[in-house]
Amino acid sequence: MLEEIINQWKNDPEIISNISRWEILPEKKAEYASFPEWVEPQLKKALQNRGIDKLYTHQAEAVETVYRGNNAVVVTPTASGKTLCYNLPVLNRIINEPHARALYLFPTKALSRDQVVELLGLVEETGIEVNTYTYDGDTGTSIRNHIRQKGHLVVTNPDMLHSGILPHHTKWMRLFENLRYIVIDEMHHYRGIFGSHLANVIRRLKRICRFYKSNPTFILCSATIANPRELAETLLEEPVVEISQNGAPHAQKHFLFYNPPVINRELGIRRSAMLESQKLAARLIQEGVQTIVFTRSRLGVEVLLSYLREKFKSLPGHDSGLRGYRGGYLPNERRAIEEGLRRGEIKGVISTNALELGIDIGRLDACVITGYPGSIAGTWQQSGRAGRRTGQSLAVLVASSAPLDQFMVNHPDYFWQNPPEKAMVNPDNLIILTNHLRCAAFELPFKEGDTFGNAPVQEILDFLAEEEVLYRSGGQYHWMENSFPAEEISLRSATSENVVIVDNTEAQPRVIGEVDRFSAPMLVHEEAIYMHGGQQYQVEKLDLEEKKAYVRAVSVNYFTDSNLSVDLKVMEVFEEEKEKVHRHWGEVRVNALVSMFKKIKFNTHENIGSGPVNLPETEMHTTAFWISFPEGTLKGMSRSEVQSGLIGLSHLASHLAPLFLLGDPRDMRAVSQVKSPFNELPTLYLYDNYPGGVGYSQELFKKWKEIFNTARQRIYTCGCLEGCPSCVGPVEEVGEKGKEHTLQLLEVLCP
Amino acid sequence: MTAPNQLQRRLQRMKDTGMITSGSELKKSAICEETLGLFPAEEKVEETPSGNCFFRETVVPLKKHHGGVLLESSLECTSSVLQLLMNDPPDDFQPYRSLFLDLETTGLACGTGTWAFLMGVGWFENGLLRVRQYFLKSPPEERALLEHFTATLQNFDNLVTFNGKSFDLPLVHTRQVLKGISPVTSPDIHLDLFHCCRRMWKNCLPDCSLVSMEKNLLQFHRSGDIPGEEIPEVYFRYLRRGETQQLKQVFEHNLLDIVSLVALLGLVAKIENIDFLEEATPRECCNLGILHWKYGDISRAEICLQQAMEKGNREEKNKALYSLALLHKQMRRWEKSASCWEGLIHQGYPGPAPYVELAKIYEHRIKNLPQALRLTREALNAELRRYQMGVGGKEINPLKHRLRRLEAKLKSNCPG
């Protein structure tokens, strides 16, 4: 069926004319190595019974590295047998040393479940006693003590480690005294805020291991990113060996870059990516090709799901085979969908990157990616969902009109020739570090001269003592507060507060999802349309104090989008370079206010109304990179021309920054000031959209030339006349000649 | 509106120039008070290999009443009483071999950052209750304190606490691990009065806190006591500023806790006595009856349940009668059981259970099927009435099923 569709598309001018690249990834043969000598016979036999009589080359390299006591990071694509890279050395050690313990960390509860099932099968096959337990929020209290005493393999997540295990380490004495291996799977998840938190959780974990005189070896696994070793070494603050030569096989795969047709050349408007992927996905699903459709946002999931359901309404039996999947769905809802996909009962799933990797949904035939996922790494991960062991598979990237998408679809070589992006973390984010120092002091008192990774701890400990959180006595800093610090700190955000969404439609109110505190004013302001499970809800009331948004089911023909206005003030300069232009990196204060929202009609995406939003502004301290144009550099440009150029530049720069940094486009934001209060000069700011910052702006401070060069390329290749959403932004925002003014600024930046 | 800001600025300037003193300076001035000692007559400092260990010792005569309980009566507690109240009762229980333990901590959160800064222990000695309160004058002394405390703990056979199984002992264990003291096994027998008393008095009290038991069971009312939630802050103020005024109240609070433990044990000791039964409330009689029954002392159980029926109001009577009916049923005393169920029906017991139980007796023992059928109909009616009033209803279908089964059985027994 898939082959037929592929052949039809090849010959269909309406399709082929939109395809800027048709890449065929050839089949790859497996490369094998034999079991190392030291593998215990019963383990070898168990693996053979499960059909594994030799190792892939990368597996052999990984287990050998770990066996020699070195930390390893294994970088391989989906389904290349990465779990064996850690299960083999861990089980081998337990056979030799029955008291040995290992800790497995997965980023979420959902991700750990599938791995445990596989592990249990292997353990059973060996016939040795290896107590394997999942320890998370769902673990019953009656079995917890048993796990602490008897668990050889404890599978958990960073959140549970942070608030459920480390602060109670005395109960886990047996584990910590005998801890030989720590497995960190899905390492690429640990970037940005989450990664910065994890680095500090690991600092705490290692501190406690030292207390119990153990020195475990770390085994990390990651999807492909540009800097796996650098990330691993930043997280661990120890040397790590990188293993990235994949020995696993894969089948032939068609990879298509699809640019929706232009419908208004002057304004640079293309058909919506959403509508195009709906068309492609509908075709695939209708033919029974099991397909996953990725969209960039939760909203996208819901919009596409309702479009597709509408389309299939007349085809009996199709509706039940279609599902949405995203964060904010409740766990059992998700489990049912995963199960349906594995069994093949669900023919099509519309998802955010929540289904990116790790979660076992089997292998699908086709994958439609709506909008460039923001990174080369993410694109590979999403496309990796399609690909069975035999036959063919298909991945289509449908570009949106965003600058980054248009850059990629017009320069496919960039994608095929460049390594994926860098994952950034900032373990020394002052807010995060200070919070984890509190937790660490709760766990064990600090002695003067104690270290905490590479962090500058002395000043912060003195500060906490001054603030009467710690008590300094006998050369030690002791926790002296009537509270449990880990409970107040969420690893998922710099601050811990989420707003829950309560559905008031029925007499019995029920919680249907949640959003983080910073996004709440944008997503669930009063009158906003919130979508969940293909159902629209209108927000009736947002109670920020109680952290609740009350919604009611509605049926309308639009969705809402809010306008954010931002004010920025420089607090401190960390570094500066004053050449032709002035570049800075430092700390800023950002005040954000959602002032109004727009109602946008389905399908046509026209603006059909608006309303005010009355919510307090949010304030955030973060890090930023900014660049100023000194007097004389912009000769001959009027103030309004400079303004127009700055707006164009900020549009381009914030959208293209993800080319260089692994993250969400939301992670970085741009603001421009024609006359900055900081130095009275025209200035463009790019800031980390997280309190305390996560390291993006520092990286941009180094890579600024590359970004602005890419921006200039984007303007040259864009076919529009005066500006469009795909380059400098729509004419209404950037003004007439916006493109020209932006280019003038770029001439100064990169002559 | 500008006044407070201006005031704040002035205060800051005055602080900067030393015109007013900040917290750290207060601490300096408080040191002289501390050299006088917290409790000059009662405190002791013992030298240990790990440093100094500070404690205060006081004695309480056992001939004293704590509320309505004579402290001495705790010495009468026997293992047979404990069999009623514990899951794992000891074979032998010697009250005078007991150590009473209560901790004051820097927080209620479990976890490694919570300290036990005051560890109160009490034991019997020459007709007296001796209470020793280990006090952590500064964190570096913790090791010496714990070592001394651990050694004391080992001198006793029994440990008596209130919720010590979940709170005090795990906390002590955590502190021992943190200080590298090999966790010494505490006394084999751990009598956690929270669990014991909850068994006996759960439905007699508004809640199962120590304060509630003091008030309602011991008739002891604390006056001027410091609220538990303020205690951590008092200790922090002592450490940081040397304030001792309220700290002394914490010592008194802890002392009272220990004395209450002794008194509660004295109360527990008496529940087997016949005069306890005479003075007991109907609920206490009923609970005691059920405890005796579970332990297997049927005749005592009957006596207690009878007492409850005699003293109680209608609801309490019904509850006791219900238990008695089940007791007879278990003993296969069908006639007695039947008369209890009939009694319940007569009393207007809401719900189908007495009819159902009686029907079972008619069906299986007396072999009177028509009567069993009639009673089952009554049971269904009772359940339907309850359902209409918005309670129950779960039994409707099982009862209908039971009814059909009986009708069929009746038909096959008398064909035609």
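Residues numbered from 1 in each chain as written. Chains lettered and ligands numbered in written order. Predicted model: local features only at pLDDT ≥ 70, side-chain atom pairs only at ≥ 80, totals over all residues.

> Requested: an account of the overall build of chain B, with residues and values cited.
On a plain count of helices and strands, chain B comes out with 17 helices and nine strands. For 416 residues, the compact-globule estimate of 2.2 N^0.38 gives 22 Å, and chain B exceeds it by more than 25% at 30 Å. Seen along its three principal axes, the alpha-carbon backbone of chain B occupies a region of about 110 × 65 × 40 Å. For chain B, buried positions account for 38% of its 416 residues. Counted over contacts in chain B with a minimum sequence separation of 6, partners at least 24 positions apart contribute 62%. (Helix = DSSP H or I, 4+ residues; strand = E, 2+ residues; numbered from the N terminus. Rg over C-alpha atoms; globule rule 2.2 N^0.38 Å. Buried ≥ 20, exposed ≤ 12 C-beta atoms within 10 Å, placed from the backbone. Contact = placed C-beta atoms within 7 Å.)

> Give a detailed account of the sheet that holds strand S18 (residues 392–398) of chain A, specifying residues and quantitative values.
Residue and element names in this part refer to chain A. The strand order across the open sheet built from seven strands is S1-S11-S18-S17-S14-S16-S15, with neighbouring strands paired in mixed fashion. Strand pairing shows two members of the sheet lacking a second neighbour, strand S1 (19–25) and strand S15 (322–325), which therefore form its edges. Strand-to-strand twist of the sheet, defined as the mean angle between neighbouring strand axes without regard to direction, takes the value 15 degrees. Bridging between S15 and strand S16 (residues 348–351) involves four bridges; their strand directions are parallel. Looking at the pairing, Arg323 lines up with Val349 of S16. (Pairing = 2+ DSSP bridges. Axes fitted to C-alpha atoms, helices over the stretch in contact; angles between N-to-C directions.)

> With reference to specific residues and values, describe helix H15 (residues 376–383) of chain A.
The element H15(A) is extensively covered by neighbouring structure, given that eight of its eight residues are classed as buried. For H15(A), the complete set of buried residues consists of A:Ile376, A:Ala377, A:Gly378, A:Thr379, A:Trp380, A:Gln381, A:Gln382 and A:Ser383.

> Give a detailed account of the packing of helix H21 (residues 639–656) of chain A against helix H24 (residues 738–749) of chain A, specifying residues and quantitative values.
Residues and elements named next belong to chain A. Between H21 and H24, whose axes approach to 7 Å, the crossing angle comes to 80 degrees. Classed by the angle they form, the pair H21 and H24 counts as roughly perpendicular. Contacts between H21 and H24 involve Glu641, Ser644, Gly645, Gly648, Leu649 and Leu652 on the former and, on the latter, Gly738, Lys739, His741, Thr742, Gln744 and Leu745. Looking at side-chain class alone, the contact of H21 with H24 contains three nonpolar, seven polar and two charged residues. (Parallel < 35°, antiparallel > 145°, perpendicular 65-115°, else oblique. Nonpolar A, V, L, I, M, F, W, Y, C, P; charged D, E, K, R; others polar.)

> Could you give me a rundown of the domain arrangement of chain A, with the residues and numbers involved?
Accessible area lost during the coming together of the parts is what is often quoted as the interface size. Residues and elements named next belong to chain A. When cut into domains, chain A gives domain 1 (2–26 + 253–420), domain 2 (32–243), domain 3 (430–488) and domain 4 (563–749). At the junction of the two partners, domain 1 supplies 16 residues and domain 4 supplies 20 residues. Counting residues per element, the side of domain 1 that touches domain 4 draws most heavily on helix H16 (residues 403–410), at five residues. Each residue belonging to the side of domain 1 that touches domain 4 can be placed in one class, and the counts come to seven nonpolar, seven polar and two charged. (Domains from an automatic or database assignment.)

> Hey, could you go over the nonpolar core for me, with residue numbers and the actual values?
Counting residues in hydrophobic clusters, the biggest one holds 174 residues, and the most contacted among them are A:Val396, A:Ala653, A:Ala657, A:Tyr685 and A:Leu686. It is helix H22 (residues 696–717) of chain A that provides the largest number of residues to this core, a total of eight residues. Apart from residues lying up to four places away in sequence, A:Ala653 is in contact with A:Ala670, A:Leu684, A:Leu686, A:Ile707 and A:Ala711. Membership of the second largest hydrophobic core comes to 122 residues, among which are A:Trp479, B:Trp115, B:Tyr134 and B:Leu358. (Core = buried A, V, L, I, M, F, W, Y, C linked by C-beta atoms within 7 Å.)

> Give me the lowdown on the environment of B:Val172, citing residues and values where you can.
Structurally, the position occupied by B:Val172 is in helix H5 (residues 164–178). Here the alpha-carbon distance between B:Val172 and B:Glu335, two residues 163 residues apart in the chain, equals 55 Å.

> Go over the pairing of strand S8 (residues 158–161) of chain B with me, naming the residues and quoting the values.
Residue and element names in this part refer to chain B. Burial along S8 is two-sided: the face carrying Asn158 and Val160 and the face carrying Leu159 and Thr161 are both buried. One ladder, built from three bridges, connects strand S5 (residues 98–105) with S8; its direction is parallel. When the bridges of S8 are listed, Phe100 appears paired with Val160. Taken together, the four bridges between S8 and strand S9 (residues 189–192) define a ladder with parallel strand orientation. The partner of Val160 across the bridge, within S9, is Leu191.

> Describe the interface of chain A and chain B, and please don't skip the residues or the numbers.
In this complex, chain A contributes 19 residues to the contact, which on the side of chain B involves 19 residues. At the level of secondary structure, the elements contributing two or more residues to the side of chain A that touches chain B comprise helix H18 (430–443), strand S21 (470–473) and strand S22 (476–479) of chain A. The element that contributes the greatest number of residues to the side of chain A that touches chain B is S22(A), accounting for three residues. Partitioned by chemical class, the residues of the side of chain A that touches chain B number eight nonpolar, nine polar and two charged.

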